[in-house]
Structures are given as structure tokens and as C-alpha cells.
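# Structure assessment
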Amino acid sequence: QLQFVESGGGLVQPGGSLRLSCAAPPSTLDRYVIGWFRQAPGKEHEGVSCISSSDDNTYYADSVKGRFTISRDLAKNTVYLQMNSLKPEDTAVYYCAADVGDGDMCIMTRPSWLPRDYWGQGTQVTVSS
């Protein structure tokens, strides 16, 4: 059962920070690329960040580069997304998922990402004054 559970979202003022958590199934983080997606109202989902199982390869969307940091804790089966200097355009529901394809590349457009049915409920991030 490859089900992920997101938490840590909330309401924050512009310039503030949040840390999102993704509770992953056992033995997932050391086998698969894990990524964060987000979907804002009226928009399609977009890839935000991902991290390889080896920690050697990470990806950040240009819109969040320098502000967001992805990390993982294998013992806790958890992936984190530290979000600093938040902007109103970061407002969205944030999801995490695994790329179950072969290899250890962090590519958020690959067809091997799990279907959205496995992404969980997501966690709402709202950036507003």
C-alpha cells in the first residue's frame, strides 16, 4: 500500500516559514525518488521538489529555488519540505508521492510517478497577510 500522508500546512504571512512532512510507507525512501507536488486553485498540479534515494540528486522548481529545501529521515520514514520566504503565489495544496520507476533520477515529469490516487489528501498552505 503506497499511501502517503502529508501534514504541516497552515496559514502564514508573506515572508514566513513552514515545514511540511510526508509520512511514507516503510522501505520507500531508500528505494524510490520522493517528490512534492502542489496544486493551486484553478491550476494544474506542478512539481515543486524531489530527492533521490541516494541523496545525490535533488530538484527544485525555479519558482522555489533558494527558498525551499527538501530532506529526508530514513528512520522516521519521513520526507520534509522546509519552506522559507513564502510568497502568496506559494498558496496551494501540497502533496508527496514516489516515482516507482527504475533508476535514481529526480525528474518530476516521468510517467512512473504513482497515480494521484496514492498522493493522500495533501496539506493546505495559505500565504496571506
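Check the entry above for the structure.
Anyway, here's the lowdown on the structure attached to this text. (Residues numbered from 1 in each chain as written. Predicted model: local features only at pLDDT ≥ 70, side-chain atom pairs only at ≥ 80, totals over all residues. Heavy atoms only, no water.)

### What to know about the overall build of the protein chain
The secondary structure content of the protein chain amounts to zero helices and 10 strands. Listing every helix and strand of the protein chain by position from the N terminus yields β-β-β-β-β-β-β-β-β-β. Taken over the C-alpha trace, the protein chain has a radius of gyration of 14 Å; the compact-globule value for 129 residues is 14 Å, and the two agree within 12%. Oriented by its inertia axes, the alpha-carbon framework of the protein chain measures out at about 40 × 25 × 25 Å. Per-residue burial for the protein chain yields a buried fraction of 47% across its 129 residues. A separation threshold of at least 6 residues defines the contact pool for the protein chain, and within that pool the share at least 24 residues apart is 62%. When the accessible area of the protein chain is evaluated, it comes to approximately 6500 Å², of which 47% is carbon and sulfur surface. Side-chain charges in the protein chain split into 11 positive and 14 negative, and the spacing between the mean points of these groups amounts to 5 Å. (Helix = DSSP H or I, 4+ residues; strand = E, 2+ residues; numbered from the N terminus. Rg over C-alpha atoms; globule rule 2.2 N^0.38 Å. Buried < 20%, exposed > 50% of the residue type's maximum accessible area, 1.4 Å probe, protein only. Contact = heavy atoms within 4.5 Å. Areas by Shrake-Rupley, 256 points an atom, 1.4 Å probe, with all protein chains shown as cover. Lys, Arg positive; Asp, Glu negative; His and termini not counted. Charge placed at Lys NZ, Arg CZ, Asp CG, Glu CD.)

### Points about unusual backbone geometry
Phi is mostly negative for residues that are not glycine, and the peptide bonds are mostly trans. The phi angle at Ser27 is positive, at roughly 60°, despite the residue not being glycine. Within the secondary structure layout, Ser27 lies in the loop between strand S3 (18-23) and strand S4 (33-39). Phi at Ser85 takes a positive value of approximately 50°, unusual for a residue other than glycine. Inspection of the secondary structure puts Ser85 in the loop between strand S8 (78-83) and strand S9 (92-99). With relative accessibility at 41%, the residue Ser85 sits in the partly exposed group.

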